[in-house]
Amino acid sequence: FLPESSFKSSSTSSKSQLPHSAKLNRREGEGGWAPERSDRQPWLQLDLREKMEVTAIATQGRSGSSDWVTSFMLQFSDSGLAWKQYRQSEDTGVRFCLSGNTNSEGVVQHKLVHSITARFLRFVPLDWSTTGWIGLRVEVYGCVYKSDVADFNGRSALLYRFNQKSQRTVKDVISLRFKSYGADGVLVHGEGHRGDYLTLELHHGTLALHLNLDDAKLYPSSANVSVFLGCLLDDQLWHYVLVKRSNKQVNLTVDGRTHHLSTTGVEDSLEVDYEGNVTFLCSEPQPQMVSTTFLSYSRSYLSLPLEPLGVWGLDVHFHFRTWNQEGLLFSTSLAQGSQHLVLQISRGQLHLMVHGAAEKKTNISIEVRVTDGLWHSVSLSYRDLMVSLVLDNEPTSTMDVQSHADSGNSVFFGGCPQYSGGCKNPTVAFQGCMRQILLNNQLMDLPRVQQGLLGNYSKLQFDICGIRNRCLPNFCEHDGRCTQSWDTFYCDCSGTGYTGETCHNSIYEASCEAHRQMGSTSGYFYIDPDGSGPLKATLVYCNMTEDKVWTVVGHNNSGFVNVTGATTNKPYVMRFNYTASLEQLRTLIGRSEHCQQEVVYSCRKSRLFNTWDGRPLSWWLDRSGEKQTYWGGSVPGVQQCSCSLEENCIDMNYFCNCDADTHLWVNDTGLLSNKDHLPLTEIVIGDTNRTGSAAVYRVGSLHCNGDRFLWNAASFYPGSSSLHFPKFQAELNVDISLYFKTTASSGVLLENLGTTDFITLKLTTPLAITFIFDVGNGRVDLTVTSPVPLNDKQWHYVRAERNLKEASLQVDQLPLHTLEAPSEGHYRLQLKSLLFIGGSTFKESSFLGCIRALTLNGMTLDLEEQAKLTPGVTPGCPGHCSGSASVCHNRGRCMEKNSGYVCDCTHSAYNGPHCKKEVSMSFESGSSVTLTFQMPFPVMHNRDRGSQLSSSQPDHNQSSDIYAHNGESRENVAFSFLTTHTPAMLLCVSTYNQQYLAIILANNGSYLLEKRAEIFTPKASSLADGQLHRVQVHREGKDLYVQVSIDQKYNLSSDMKMNTLRSLTLGKVTGTSAGHAGLAEEVLRAGSKGFIGCLSSVQFNHLTPLKTAILKHGSSLVHVLGNLVESNCGALADSTTSQSASGEGIDRLKKTRSDSAVIGG
């Protein structure tokens, strides 16, 4: 039982409600503790008298009253000075609260998921009875915790010597707990006379392990390995470290997070002569090292009175730590309040300035980053009209001021009150931690501030530093770079090939088939077959023939190779390295309908398989490294070639032409097409060493066609049937995409449940799709409402995503609707049941219709195979618009009709029954086409936090094809042109944010692409040659891809979104045109000349300006100048033939990859 002295509190309501009355089930006095009603931060504190391992707690209200606590925060400490908040798991925010009581007598017990090791506990009420006040009685459960502890002052060390002169080990285990208020220092170091060493040290608050196992004399070039783990470890709280080594394999664990590494070098044993150990007592931090947290970027401040200055002037000293790039640190008045001395963080650096009647002037700037989360010390001194500033160990900076300090007023730390005279937050208040605040060498008594006895404050949390590293672990996927502020983290996805708030979504199409659906012609493209999965995109050649789309992947040896002198004992071996990894190829092949690889073996007295004992003389290895002894055109498991199956071998006694062992040159050529074996990774030849023997072989590129998932569909019929799959594994990031068509007014498309968490995607009304989920913070509904019915028996696209930053929902080409995620709270989605497609667990609102191309986090579900096993569901989908043989081209949309289909070419730059007829115009001197856009509601409020989008739809009377919204940082531009005139303006796009994108022909006929102030010249030769040229430009973030005959990639310095389009112009542009002010001189010169020639099939994202000019010539949004005539110059493009990639195409692939350049950035 704890004595009365073990109980303390922030305040007491009366003498009969003292803190020691707060024992569970106690009824004496007034039956519990209650604080004063004026107490702004009440708490009840327990001193357990010695360090304990606490496993459970219990709470109760004040007996016989209406006072109880409904939720509270639990803090713990070793010293009673520096505190840490208890968090049930890393899946909770800083202010993790425990549920309290609902009446005065009931007992609520919490068994702690992770036990607490501490001497002091604090119960901090957050919410309480609505009919009464705070009332609390508590109990703590646990046992005594014993351990040896040592104290180090930064200059001391312990030395441990082994019994032997040295100790050589192949396995080591080092475990310890430490706490520190210093960010740097060695914890453990051991080394041997050979040069072996092991070091554990703190470096800027992060734990570093350095290890070298090699003899420095024998292997002087061996590099040591270093690994860093953890962050903010200088918080005066205990941290657990475990190092486990077995030979070269090492695991470093810090506070439950483990990093695995393998040592380099030759040796696998550690030889040390000594290493450190600890066995003493540990001193606790002094009061000046106790932190205070400034919680709010707008309302936090600490106001302290300034005593008369006397002869010493003003001295201010404090420590701070933060992540935020902006914030006010300190402010005080000069000269009776007419001027103010202000110290602030601006763009991550310290700035000292004087605010006054004159214009604000920065006087001192220290170019050192102070927003790294580490503690920084600041000393500011004012004497004799001079102010000096010292940051950490940097040199002193000084400046002169014209006014004396105004003694007797207040000084402000961290921010300014709302009504404080001259003190104003320059941008935002400080959000972070401060400690060791001294005014004129006097330590400020912050407990008196908290009690209301000194100064004033707002939105502070005393005795604790609530800083968190939101980049540990790094939630930015695919090598995205994480940065952070106090409240959240940000992901820089530049150069990763991914986009989105957490770099989750691939910027590339999944297949060449998808590129054709987007209207692309043959060329080199990046594809990402697993989408948001772990594999990177790969560069392939897409050969888009009339009937099929072939994906071509080359390797390092595609030519003919002569082989001589090879025997079975010393065979010829060639390994093939492809332009994609084997994992990427495995995914590509699995997604394709058919794959093949041509192999050619020309021979003279060089056999493949013909031996007396049946052992092959030559073979090849598949992608798994398995030996295969069949040749192209044959089937696995038999030592045969294609001529055997076709019954045309030159000698029918043998199964291969080369096995006839003739003196004449013959060959065995065929296609390997078993998808489980492709691609061929190694070839072994063993019969070219006899007299007259010779062989020439060639292994072709890998060719795949079809996308078996793009049209993988299932049909759902009445009867509450649904498809079942294993639960969806997506704790941190969820992305769901699918196509559906239906005539029903509602239905569940997808559902997966957990104990309390769940995700659901459903058609809620004929006009609305809703994405619903709960990760433990309450149900979230995200709804997109369409202006046209979604149950029209046509295919509609839906994509839903939920990550740690936001949730989003997209339907067809309607604006993306987003909802910001809370910065605190639960964030892991815990699912347990089966995944239901087309229905729900409770068989309510089953879906009636078709679903296809269902992809979850980059993995496409095989609906057709599962449908074969499920009653009431059939594979495929009836109708003309349900097959992989696309009937509508160039982004055309297939629309079902009662007696057939039609192609909707609204979002295609082409016309005609199948969206294949080019739309071209001849431009004369001075002519132009301009589309202008008003700034619509979704552009101004794109990140609407509501759950409905019905009020934010574009005006479809003005046509959605010229709607200005573009919510992603991406542009897709494609067009063909023909001209003999330079300079020329081909296309110019401007935004309301003074951004622009221009494509022009320079005087020499080469074309320039300019985005804002960045200019790129992808092709130096003249394009003003009277020939038709096709231009394709694709931007994703900072990556810019340009294709005119060949692909080239560039890097931009910015990835700003062009999501407030103002105008799009083809032809003549002037500097006074709407939205074209501020264009570069070269762009204006080309714009003034306009364009003379023919433009064909122009597309900018979903906009088709030539079609719009023809179809909506009378619209106020379309402006046509000069004489424009419809033309057929684009028909020249249709007459070009697709290039084969088997020979020249692969050489181009190699050249493109080696010669690609990064310009700008």
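Throughout, a residue's number is its position along its own chain's written sequence, starting from 1. With the structure being a predicted model, the display of local features is reserved for residues of pLDDT at least 70 and the display and counting of side-chain atom pairs for 80 or more, all residues being used for whole-chain, interface and lining totals. Each side-chain value is worked out from all heavy atoms of the structure, with water and hydrogens disregarded.

What to know about the UniProt feature "domain: EGF-like" (unreviewed entry) in the protein chain
Part 1 of the reasoning: UniProt positions are given in the numbering used here, feature names are shortened, and annotations may be inferred rather than shown by experiment. Mapped onto this numbering, the UniProt entry gives "domain: EGF-like" (unreviewed entry) at residues 467-504 and 878-916.
Part 2 of the reasoning: Secondary structure counts use DSSP, requiring at least four H or I residues in a row for a helix and at least two E residues in a row for a strand, with both numbered from the N terminus. Secondary structure over residues 467-504 splits into 0% helix and 26% strand, and the C-alpha atoms at its two ends are 26 Å apart.

Here's the deal with the pattern of salt bridges
Part 1 of the reasoning: For this document, the term salt bridge refers to a Lys or Arg side-chain nitrogen within 4 Å of an Asp or Glu carboxyl oxygen. Scanning the entire structure with this criterion turns up 33 salt bridges.
Part 2 of the reasoning: For Asp492, the salt bridge is made with Arg481, and the minimal N-O distance between the two is 3.7 Å. Taken as a pair, Asp492 in strand E36 (residues 489-492) and Arg481 in strand E35 (residues 481-484) lie far apart in primary sequence, 11 residues in all.
Part 3 of the reasoning: Between Arg690 and Asp661 there is a salt bridge, with its nearest N and O atoms 2.7 Å apart. Within this pair, whereas Arg690 is found in the loop between strand E48 (682-685) and strand E49 (694-705), its partner Asp661 is found in the loop between helix H4 (642-646) and strand E47 (666-672), the two being separated by 29 residues in sequence.
Part 4 of the reasoning: Linked by salt bridges that have partners in common, Lys605, Arg607, Asp661, Asp687 and Arg690 make up one network.

Overview of the pairing of strand E21 (residues 301-305)
Part 1 of the reasoning: Along E21, 4 of the 5 residues are buried, which leaves the element largely enclosed by surrounding structure.
Part 2 of the reasoning: Strand pairing is defined by DSSP finding a minimum of two bridges between the two strands. Summarising the sheet, E21 and strand E33 (residues 456-458) pair through 3 bridges and their orientation is antiparallel. Paired with Ser303 across the strands is Asn456, a residue of E33.
Part 3 of the reasoning: Taken together, the 4 bridges between E21 and strand E30 (residues 410-413) define a ladder with antiparallel strand orientation. From the neighbouring strand, Leu302 faces E30, where its bridge partner is Phe413. Note on exposure labels: buried denotes an accessible area under 20% of the residue type's maximum, exposed denotes more than 50%, and partly exposed covers the range between, all computed with a 1.4 Å probe on protein chains only.

Some thoughts on the packing of aromatic side chains
Part 1 of the reasoning: Geometry of aromatic contacts follows a simple scheme: Phe, Tyr and Trp rings, the Trp one being its six-membered ring, pair when their centres are within 6.5 Å, and the pair is stacked under 30 degrees between planes, edge-to-face over 60, tilted otherwise. The full count for this structure, using the stated rule, is 22 aromatic pairs.
Part 2 of the reasoning: Measuring from ring centre to ring centre gives 6.0 Å for Phe716 and Phe847, while their planes differ by 75 degrees; the resulting arrangement is edge-to-face. Taken as a pair, Phe716 in strand E50 (residues 713-716) and Phe847 in the loop between strand E60 (835-837) and strand E61 (849-856) lie far apart in primary sequence, 131 residues in all.
Part 3 of the reasoning: Ring centres of Phe923 and Phe1091 lie 5.9 Å apart, and the angle between their planes is 70 degrees; this geometry places the pair in the edge-to-face category. Here Phe923, found in strand E68 (residues 920-923), pairs with Phe1091, found in the loop between helix H7 (1081-1089) and strand E79 (1093-1100); they are 168 residues apart in sequence, far enough to count as distant. Judged on exposure class, the residue Phe923 and its partner Phe1091 are both buried.
Part 4 of the reasoning: Joined through ring pairs, the aromatic side chains of Phe294, Phe318, Phe320, Phe330, Phe413 and Phe430 make up one cluster.
Part 5 of the reasoning: As a reminder, the over-ring test applies to NZ of lysine and CZ of arginine, requiring each to be within 6 Å of the ring centre and within 35 degrees of the ring normal. Arg852 extends its terminal NZ or CZ atom over the ring of Trp795, reaching a point 4.8 Å from the ring centre.

What about H7?
Part 1 of the reasoning: Turning to H7, its buried residues are Val1083, Ala1086 and Gly1087. One side of H7 holds all its buried residues, which, seen down the axis, span an arc of 105 degrees. Away from its buried face, by an angle of more than 90 degrees, H7 presents the exposed residues Glu1081 and Lys1089.
Part 2 of the reasoning: Gly1090 sits one or two residues past H7 and shows a positive phi near 70 degrees. Note that the arc is defined by the directions from the helix axis to the C-beta atoms.

Things to note about the sheet that holds E60
Part 1 of the reasoning: Spatially, 6 strands are ordered E51-E60-E53-E54-E55-E56 in an open sheet, and the strand pairing comes out antiparallel. Each end of this open sheet is capped by a strand with a single partner; those strands are strand E51 (723-725) and strand E56 (780-785). Shown here is a sheet whose adjacent strand axes are inclined to one another by a mean of 15 degrees, direction ignored.
Part 2 of the reasoning: In this sheet, E60 lies alongside strand E53 (residues 747-753) in antiparallel orientation, the contact comprising 3 bridges. Along E60, the bridge assignment pairs Asn752 with Leu835. Axis geometry follows a simple rule: fit a line to the C-alpha atoms, using only the stretch in contact for helices, then measure angles between N-to-C directions, giving values from 0 to 180 degrees.

Structural notes on the environment of Ala974
Part 1 of the reasoning: Positionally, Ala974 belongs in strand E70 (residues 970-978).
Part 2 of the reasoning: The spacing of Ala974 and Ser520 is 454 residues in sequence and 8.7 Å in space, taken between C-alpha atoms.
Part 3 of the reasoning: In contact with Ala974, not counting residues within four places along its chain, are Arg1030, Val1031, Gln1032, Ser1097, Val1098 and Gln1099. Whether two residues are in contact is decided by their heavy atoms: any pair within 4.5 Å suffices.

Some words on the state of the cysteines
Part 1 of the reasoning: Any two cysteine sulfur atoms within 2.5 Å of one another count as a disulfide. For the structure shown, the criterion picks out 13 disulfides.
Part 2 of the reasoning: A sulfur-sulfur distance of 2.0 Å marks the disulfide that ties Cys905 to Cys915. Disulfide Cys905-Cys915: the torsion about the S-S bond is -95 degrees, which places it as left-handed. Taken as a pair, Cys905 in the loop between strand E65 (900-904) and strand E66 (910-911) and Cys915 in the loop between E66 and strand E67 (917-918) lie far apart in primary sequence, 10 residues in all.

Observations regarding the side chain of Thr783
Part 1 of the reasoning: Mapped onto the fold, Thr783 is located in strand E56.
Part 2 of the reasoning: Of the residues examined, Thr783 reaches a relative accessible area of 6% and is grouped as buried.
Part 3 of the reasoning: As used in this structure description, the phrase polar contact means that two N or O atoms lie within 3.5 Å; if the pair is within protein, one of them must be able to donate a hydrogen and the other to accept it, and residues adjacent in sequence are counted only when both atoms belong to side chains. Within the structure, Thr783 has its side chain in polar contact with the side chain of Thr770 (distance 2.9 Å).

What to know about the environment of Tyr630
Part 1 of the reasoning: If you trace the backbone, Tyr630 turns up in the loop between strand E46 (627-628) and H4.
Part 2 of the reasoning: According to the relative accessible area criterion, Tyr630 is buried, its value standing at 2%.
Part 3 of the reasoning: Taking the C-alpha atoms as reference points, Tyr630 and Pro616, separated by 14 residues in sequence, lie 9.5 Å from one another.
Part 4 of the reasoning: Residues within four places of Tyr630 in sequence aside, it is in contact with Phe609, Trp620, Val635, Pro636, Gly637, Val638, Gln640, Leu672, Asn674 and His677.
Part 5 of the reasoning: A distance of 2.8 Å separates the side chain of Tyr630 from the side chain of His677, its partner in a polar contact.

A short note on the pairing of strand E71 (residues 984-991)
For a regular strand, the rule is simple: side chains alternate between the two faces of the sheet.
Part 1 of the reasoning: E71 sits mainly inside the fold: 8 of its 8 residues count as buried.
Part 2 of the reasoning: Count of turn residues in the E71/strand E72 (residues 996-1001) antiparallel hairpin: 4 residues, of which Gln994 carries a positive phi of about 65 degrees.
Part 3 of the reasoning: Relative to strand E78 (residues 1061-1067), E71 runs antiparallel, the two sharing 4 bridges. The residue bridging Thr991 from the neighbouring strand is Leu1061, located in E78.

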